[in-house]
Amino acid sequence: MIAILALQGAFAEHQQMLHILGEDSVLIRNLDDWSSYLNENKKPALIIPGGESTAMMRIIRDENLLEPIRKAIVDGMPVFGTCAGLIMLDSEHLDTMNIKVKRNAYGRQLGSFSTTGEMKGVGSVPMTFIRAPYITEVGEGAEVLAIVDGNIVAAKQGKQLVTSFHPELNEDTRIHEFFLKTL
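Definitions and cut-offs
Residues numbered from 1 in each chain as written. Predicted model: local features only at pLDDT ≥ 70, side-chain atom pairs only at ≥ 80, totals over all residues. Heavy atoms only, no water. Helix = DSSP H or I, 4+ residues; strand = E, 2+ residues; numbered from the N terminus. Rg over C-alpha atoms; globule rule 2.2 N^0.38 Å. Contact = heavy atoms within 4.5 Å. Areas by Shrake-Rupley, 256 points an atom, 1.4 Å probe, with all protein chains shown as cover. Lys, Arg positive; Asp, Glu negative; His and termini not counted. Charge placed at Lys NZ, Arg CZ, Asp CG, Glu CD. Buried < 20%, exposed > 50% of the residue type's maximum accessible area, 1.4 Å probe, protein only. Pairing = 2+ DSSP bridges. Salt bridge = Lys/Arg side-chain N within 4 Å of Asp/Glu carboxyl O. Polar contact = N/O pair within 3.5 Å; in protein donor to acceptor, adjacent residues only side chain to side chain.

A. Local environment of the overall build of the chain. When helices and strands are counted, the chain shows six helices and eleven strands. Rg of the C-alpha trace for the chain: 15 Å, near the compact-globule value of 16 Å for 183 residues, within the 12% margin. In terms of its C-alpha atoms, the chain occupies a principal-axis envelope of roughly 45 × 35 × 30 Å. Expressed as a percentage of contacts within the chain between residues at least 6 apart in sequence, the contacts between residues at least 24 apart total 64%. Accessible surface for the chain amounts to roughly 8500 Å². Of this, 46% is attributable to carbon and sulfur atoms. Separation of charge centres in the chain, based on 17 positive and 23 negative side chains, amounts to 3 Å.

B. How the structure looks around the environment of G150. By secondary structure assignment, the location of G150 is in the loop between β9 (143-148) and β10 (151-157). Taking C-alpha positions, G150 is 15 Å from M127, a pair spaced 23 residues apart along the chain.

C. Up close: the pairing of strand β4 (residues 79-82). Burial along β4 is two-sided: the residues V79 and G81 and F80 and T82 are all buried. In this structure, strand β3 (residues 46-48) lies alongside β4, joined through three bridges in parallel fashion. Looking at β4, one finds that I48 is bridged to G81. Bridge analysis of β4 against strand β11 (residues 160-163) gives four bridges, and the strand direction is parallel. For G81, the partnering residue across the bridge sits in β11 and is V162.

D. Broad picture of the pattern of salt bridges. As enumerated under the stated definition, the model contains seven salt bridges in all. A salt bridge links D172 to R174, with the shortest nitrogen-to-oxygen separation between them at 2.6 Å. Classification of R174 by relative accessible area gives partly exposed; the value is 29%. Among the ionic contacts, a cluster of salt bridges with common partners joins K120, E143 and K156.

E. Fine view of helix α3 (residues 53-62). By the burial criterion, the buried members of α3 are S53, A55, M56, M57, I59 and I60. Check the buried side of α3 and you find it contacts β1 (2-5), β3, α4 (66-74) and α5 (84-89). Its side-chain oxygen 2.9 Å from the backbone nitrogen of T54, E52 forms the N-cap of α3. A positive backbone phi angle near 60° is found at N64, which sits one or two residues after α3.

This is the structure:
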């Protein structure tokens, strides 16, 4: 069973994608949800969806989720962060991935766009960018998986996977399948 951080953002779309793949999921809204999930699952994994990273960080602090989630990731729990989820894993937030990120790198909502690009280990995939960040620096242990227009838009480090774009907003399940292979 995969946990999905459901504080705000596109958590329902990730849940639907997992359902299509036959994978059970649970929504995490507070520390009790997180604690119950960890107690009931021998192989926990987490998806941190897109949304607004500043609001999400405030809520995980308010709900006392910051350190428990960070510890689980540092201890090796697989995690998949999309858009704001990518930002949450960077060196300035949860600090579990050796990456630096530029927030809202493509500008305001009007700068949102869709394209198709190559992702290492997956192939050519649709990519939907909505007020998206991109990775400006990849440090030791992190690997670039996709570049669009010269910008790093997907990476992995150990069991952590991040995308600047929203794979949950189209019908292509391959990126979620790629993540599930890390479990």
